[in-house]
Amino acid sequence: MYSPFNILLMKRIILVALCAVFTFSLAYAQDGKKKSNKETLTFKVEGMDCANCVKKIEKNIAFAKGVTDLKCDLPTRTAEVTYRSDKTSEAKLKEAFKKIGMEAKTLKEGEEVQKHEGHDHSGHDHAGHKH
Ligand SMILES: [Cu+2]
């Protein structure tokens, strides 16, 4: 027979146990991240104007030292770079973009990305820009 008090106590124990499991799994997830030294940065890339520019980034930045993943988004002109922080750094990644003639700016988390609707080439000089 369970008294109302016991049922309450059991509910509390279950709740505490659930909390403990949740906290542990969170700690584990963070531990795993630390071990692989993986970080992700989103860059706003000036000069990423067409599919060829994206290809250029994919051919170069994806194979830059320490880069493990790369996702380019043409409409927002952003490149999401996942990299190993023990192999490369934000500054080195920006340098890699510079080498292919593009300026990358780190996008702060939560910063609004302006949609680049259509394909506006005004003020975009394609001279010396080999496709
Ligand atoms: Cu282009």
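Structure: above.
The structure displayed is predicted, hence computed values, not measured ones.

A. Layout of the overall build of the protein. For the protein, the helix and strand inventory stands at three helices and four strands. Its helices and strands in sequence order give the protein the pattern α-β-α-β-β-α-β, from N to C terminus. Looking at the 131 residues of the protein, the share that counts as buried comes to 15%.

B. Looking closely at the environment of glycine 66. You can see glycine 66 is positioned in the loop between helix 2 (51–60) and strand 2 (67–73). In this structure glycine 66 touches Tyr83, Arg84, Lys87 and Thr88, once residues within four positions along its chain are discounted.

C. Quick look at helix 3 (residues 90–99). Every buried residue of helix 3 is accounted for by Leu93, Ala96 and Phe97. Seen from one end, helix 3 has its buried residues packed into an arc of 100°, which puts them on one side. Exposed and facing more than 90 degrees away from the buried side of helix 3 are Ala91, Lys98 and Lys99. In the segment just after helix 3, glycine 101 is the residue with positive phi, at about 80°.

D. View of the sheet that holds strand 3 (residues 78–84). The sheet built from four strands is open, its strands ordered 2-3-1-4 with antiparallel pairing. The sheet terminates laterally at strand 2 and strand 4 (103–106), the two strands that pair on one side only. Geometrically, the sheet is characterised by an average inter-axis angle of 30° between neighbouring strands, direction not taken into account. As paired strands, strand 2 and strand 3 are joined by six bridges and run antiparallel to one another. Within strand 3, the position partnered with leucine 70 by the bridge is valine 81. Taken strand by strand, helix 2 contacts strand 1 (38–46), strand 2 and strand 3, and its axis lies near 175° from that of strand 2. Here helix 3 sits on the sheet and contacts strand 1, strand 3 and strand 4; the angle it forms with strand 4, its principal contact strand, is near 155°.

How each quantity is defined
- Residues numbered from 1 in each chain as written.
- Predicted model: local features only at pLDDT ≥ 70, side-chain atom pairs only at ≥ 80, totals over all residues.
- Helix = DSSP H or I, 4+ residues; strand = E, 2+ residues; numbered from the N terminus.
- Buried ≥ 20, exposed ≤ 12 C-beta atoms within 10 Å, placed from the backbone.
- Contact = placed C-beta atoms within 7 Å.
- Arc of directions from axis to C-beta.
- Pairing = 2+ DSSP bridges.
- Axes fitted to C-alpha atoms, helices over the stretch in contact; angles between N-to-C directions.

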